[in-house]
Amino acid sequence: MPALLLYKRVAIVINTNSNVVFLHNAKGHNIGAINHMSQAFVKEGDEQWLGDIDPTIRALINYLTRENNGIRVYEQKQFVDPKTGKEVYVMSNGLSYSKDMDGRWEIVGL
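Keep in mind that what you see is a predicted model, and the values were worked out from it rather than measured.

## Some words on the confidence of the model for the protein chain
Confidence in the prediction for the protein chain averages 76 pLDDT; 56% of positions are at 70 or higher. Summarising per-element confidence for the protein chain, the mean pLDDT is lowest in strand 1 (residues 3-7) (48) and highest in strand 5 (residues 75-80) (97). Overall, residues 1-6 carries pLDDT values under 50, and its contacts beyond four positions in sequence, including any with other chains, amount to 15 contacts. Segment residues 36-43: pLDDT under 50, and 22 contacts once partners within four positions in sequence are set aside and those in other chains are kept.

## Brief notes about the pairing of strand 6 (residues 87-91)
Here strand 6 lies mainly inside the structure; 4 of its 5 residues are buried. Pairing analysis gives 5 bridges linking strand 5 to strand 6, with the strands arranged antiparallel. From the neighbouring strand, Lys 77 faces strand 6, where its bridge partner is Val 90. Adjacent in sequence and paired antiparallel, strand 5 and strand 6 are bridged by 6 residues, among which Gly 85 carries a positive phi angle near 75°.

Conventions adopted
The numbers attached to residues start from 1 for each chain and follow its sequence in the written order. Selection of residues for local features in this predicted model requires a pLDDT of at least 70, selection of side-chain atom pairs for listing and counting requires 80 or more, and totals for whole chains, interfaces and linings are taken over all residues. To obtain the side-chain values, all non-hydrogen atoms of the structure were used and water was disregarded. Confidence of the prediction at every residue is given by pLDDT, a number between 0 and 100. Numbering of helices and strands starts at the N terminus; helices are DSSP runs of H or I of at least 4 residues and strands are runs of E of at least 2. Two residues form a contact once any of their heavy atoms are found within 4.5 Å. Note on exposure labels: buried denotes an accessible area under 20% of the residue type's maximum, exposed denotes more than 50%, and partly exposed covers the range between, all computed with a 1.4 Å probe on protein chains only. Strand pairing is assigned whenever DSSP identifies at least 2 bridges connecting the two strands.

The structure is reproduced here in structure tokens:
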């Protein structure tokens, strides 16, 4: 049975039988999906997506701080993932970030 969470006026429907998370706005319209948690949450309005920000650590910190209601998010640790060879940034918000093949930020699970 799917789980339902609410986050910033977005309903997050998690289907435990697949790796897809569906997102719905307050009116129940489907506004996106996340496969394998590799994409940022879809947002309503004109706000930026994680993959749209500049591929610099400063831009990532500024973006995450805005998303955290102005509470500073900082880099806790940086390392190279031995499996992928990508730089991974562990942030104070509890998530890890890396850049995809196109140089866009993505959330990574380790």
